[in-house]
Amino acid sequence: WCVLITFFIFIKERAQSEGWNKANKLEGRSTSNGLIGVQVDGKRGVILELNCETDFVAKNSKFMSLLNEVVAHNLKAAKKLRSSEDQAGIHMKKLDKQMIGEIDAKDGKTLADLVALNIGLIGENITPGKAEHFEATSPDIYLIGYTHPPGGLHQGPLFYGRYGVMMVIEKKTDSKLFSGQSLDSIGRQLCQHVVGMNPSSVGDLSNPDSWPAIKDEEKEDSSSSEEDRQASEADFMGTTETEMIHQPFLLDTDRLVRDVLLEAGLDIKYFARYEVGH
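The notes below deal with the structure included here.

Calculation notes
- Residues numbered from 1 in each chain as written.
- Predicted model: local features only at pLDDT ≥ 70, side-chain atom pairs only at ≥ 80, totals over all residues.
- Heavy atoms only, no water.
- Pairing = 2+ DSSP bridges.
- Helix = DSSP H or I, 4+ residues; strand = E, 2+ residues; numbered from the N terminus.
- Buried < 20%, exposed > 50% of the residue type's maximum accessible area, 1.4 Å probe, protein only.

Focus on the sheet that holds strand 3 (residues 90–95)
Point 1. Overall, antiparallel pairing links the 6 strands, which are arranged 3-4-2-1-7-6 in an open sheet. Looking along the sheet, the strands with just one partner apiece sit at the ends: strand 3 and strand 6 (151–152).
Point 2. As judged from the 3 bridges shared by strand 1 (residues 33–41) and strand 7 (residues 159–161), these two strands associate in the antiparallel manner. What sits directly across from Gly 37, in strand 7, is Tyr 160.

Given below as structure tokens:
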């Protein structure tokens, strides 16, 4: 048995060494394809980008398995999360490629070692892009994850796609969700909106004074110059196009997102939108 164990250790170390050799040779080759992985485990969550060279490899089961493992180790790291980016009720941390690579994997290896090993097995350059870790510390704060197109492993809670969203939602004490809908279902609809409309920020739901004035054609001051009217309209449209709560809701464009949130008793505290290669 000792000989057998020694042999397996030798094979494993050799595979790791060959993986690093392959990784060093392929370093610098473009990795514009890949997948976004999203996973929520109770009050903790991770959104992460893992890149590869071709769409063919991105659909490969080995690559998906690697994504699953990388996200799982990030989720473990999120359990130790404390960050300068803490907000009321939520801890958050952004990670770059190097920070992801330094996370502990198993057998004394790091995620950089794990990725290198898989480069040797798959034969393409693979790089972590970026990631964000979340830990909700308030009972009123919930994490909602979503990917598009929707995809998931047959076993396990990981979801993946070319787009991914992690949303931090606060449920008010007097919240009255829509009939027949759960917080998860409404949250996923709001995540779909983020994927489709690509807002740059949430906006301040608690401060109506900060909301853009809705343009009223009938009450428009006829004495205003055409230049002033065009500038006012441009300011209004610019805000509604960038702040999420002032955008027409993607699934019901007769209502603004803020109307949906106020009616449901919800508030979006933060969202992260990831797109492969961006």
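Considering the environment of Asp 184
Point 1. Its place among the elements puts Asp 184 in helix 6 (residues 183–197).
Point 2. By relative accessible area, Asp 184 is classed as partly exposed at 41%.
Point 3. Along the primary structure Asp 184 and Ile 144 are separated by 40 residues, whereas in three dimensions their C-alpha atoms are 6.6 Å apart.

Points about unusual backbone geometry
Working note: non-glycine residues mostly have negative phi, and peptide bonds are mostly trans.
Point 1. Omega for the bond connecting His 148 with Pro 149 falls within 30 degrees of zero, at -10°, which places this linkage in the cis form.
Point 2. Following the sequence through the fold, Pro 149 ends up in the loop between strand 5 (141–148) and strand 6.
Point 3. Phi at Asp 107 takes a positive value of approximately 55°, unusual for a residue other than glycine.
Point 4. With respect to the element layout, Asp 107 can be found in the loop between helix 4 (97–101) and helix 5 (111–122).
Point 5. Positive phi is not limited to glycine here, since Asn 198 has a value of about 50°.
Point 6. Looking at the secondary structure, you find Asn 198 in the loop between helix 6 and helix 7 (226–242).

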